[in-house]
Amino acid sequence: MWTTPHCVLTLRLCGLAFDLKDGQKAEKDRSSDQKAAALTELPSLLELLGNCYFCGGCLIGPQFTTKRYLDFVSGVFKDRNTGEAPSTIVAAVERLACGITFLIVNQIGQAYFPNDSLHNGYLLTVPFWYRMVFIGMWGFFTCYKYLSVWLISEGSCVLAGITHNGTDAQGRDKWDGCKNVSIRIWNLRTSFGEIVHSFNINTNRWVLCYVYKRLRFVGNKLVSQACALAFLAMWHGHYSGYYHAFVLEFVVLFFETRLVELITRNAMLNKIVYETPVLQPGILVFKWLWCHILTGYCLMSFGLLTYTRFHSAFTAVYYWPHIVWYGWPLYSIVLFKLFPSKTDKKDRKNAAATTSAQEVTDTKNH
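Structural notes, computed from the coordinates. Owing to the predicted nature of the structure, the values given are computational and were not obtained by experimental measurement.

A short note on the overall build of the protein chain
Then step 1. Regarding its fold elements, the protein chain presents 17 helices and 0 strands.
Then step 2. Taking the principal axes of the C-alpha coordinates as reference, the protein chain spans close to 90 × 60 × 45 Å.
Then step 3. By the burial criterion, 40% of the 366 residues in the protein chain qualify as buried.
Then step 4. Considering only contacts within the protein chain whose residues lie at least 6 apart along the sequence, 67% involve residues at least 24 apart.
Then step 5. Computed over 35 positive and 25 negative side-chain charges, the inter-centroid distance for the protein chain is 6 Å.

Structure representation (structure tokens):
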């Protein structure tokens, strides 16, 4: 059986292999990420086992490099003046308290928004607008399940001291070296891109460093991103829901990136969306609702796992977000023509002026 500890261990050992390979490179040939994690010597068997089965990270994460673990056990994170490890109790209890709070919220919320209601026909008995609200609330409380266990696990890592990340400007110790959740960004997010920076941060960073960036030789960011997400899908398991969820993530991020490009390149749209103060509160609320409700929609195949169940859930809302996202390559052609960039307009004017001048010249010569 493929369980979460197997997932965690797989990434940890894959990362170790890459770090040892990077350690054989010349210093000048390593990227900044590789310089921070590269190992020039093979860890001992005891160090290897300690890293793989470290109590704070072997069940659910967070991911951290072997280099960080070796620094931790060798005393690098101790106070240089006193030679003692900084106090971790307050920081650890804070993360533990957040984790327990999120777990309580999850348990209460899932009692009112259970998984079964997504695919047992319940959604067909309620109005369409409430179906979307239900899906959004289900996603909200389901995500808190993951956030809670990551926060509790991170708290144990903080308590051990492995998350030490230097000091801030006031000289206070920072304990975000293995931070896996950004609570503020997650709850206030207004785009799907912010999910990547606030949810399962260390796994996303691992994939960025060990998969995405190492595909630079391909020369295409979209291909590298697709390969990274395909790796994540296979890493999670064999259920079709995993593959659908990560394909959908790729499509949604592509849609979001291109939509922002459309708005920012056109003077009129850019002024309306970003530079009109009276519209900003409404736009902000719309973006927040759009992101939070559709996070639940995107998560349904991941949470329900099998095609029969998640297809039933998507059918209840007629797959309309799929149509919006997957249809973008078709209708975006019209949108980019209706809302051209300043450069496009200048090019057309210059072309028209050149054509007119050429016609005048030809007339005179004739």
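Anyway, onward from the coordinates.
Some details on the packing of aromatic side chains
Then step 1. Inspection of every chain in the model, using the stated rule, returns 35 aromatic pairs.
Then step 2. A ring pair is formed by F140 and Y144, whose centres lie 4.7 Å apart and whose planes are at 35°; its orientation type is tilted. On the criterion of helical spacing, the pair formed by F140 and Y144 is a turn pair, its members being 4 residues apart in helix α6 (residues 128-160).
Then step 3. F140 gets classed as partly exposed once you look at its relative accessible area, which sits at 29%.
Then step 4. With a centroid separation of 4.8 Å and an interplanar angle of 55°, the aromatic rings of Y297 and F314 are classed as tilted. Taken as a pair, Y297 in helix α13 (residues 280-304) and F314 in helix α14 (residues 307-315) lie far apart in primary sequence, 17 residues in all.
Then step 5. On the basis of relative accessibility, which here comes to 0%, the residue Y297 falls in the buried class.
Then step 6. An aromatic cluster is defined as three or more aromatic residues linked by ring pairs; in this entry it consists of F102, F113, Y122, W129, Y130, F134, F140, F141 and Y144.
Then step 7. Just above the ring of F64 sits the side chain of R12; from NZ or CZ to the centre is 4.2 Å.
Then step 8. If you follow R189 out to its NZ or CZ, it ends over the ring of W186, 3.8 Å from the centre.

A look at a nonpolar patch on the surface
Then step 1. Taken together, the side chains of L96, I100, I104, I108 and Y112 make up a nonpolar region of the molecular surface, amounting to roughly 510 Å² of accessible area.
Then step 2. Its place among the elements puts L96 in helix α5 (residues 89-112).

Scoring rules and cut-offs
Residues numbered from 1 in each chain as written. Predicted model: local features only at pLDDT ≥ 70, side-chain atom pairs only at ≥ 80, totals over all residues. Heavy atoms only, no water. Helix = DSSP H or I, 4+ residues; strand = E, 2+ residues; numbered from the N terminus. Buried < 20%, exposed > 50% of the residue type's maximum accessible area, 1.4 Å probe, protein only. Contact = heavy atoms within 4.5 Å. Lys, Arg positive; Asp, Glu negative; His and termini not counted. Charge placed at Lys NZ, Arg CZ, Asp CG, Glu CD. Phe/Tyr/Trp six-rings, centres within 6.5 Å; stacked < 30°, edge-to-face > 60°. Lys NZ or Arg CZ within 6 Å of the ring centre and 35° of its normal. Patch = residues over 30% accessible without salt bridge, like charges linked within 9 Å, V, L, I, M, F, W, Y side chains within 5 Å. Areas by Shrake-Rupley, 256 points an atom, 1.4 Å probe, with all protein chains shown as cover. Salt bridge = Lys/Arg side-chain N within 4 Å of Asp/Glu carboxyl O.

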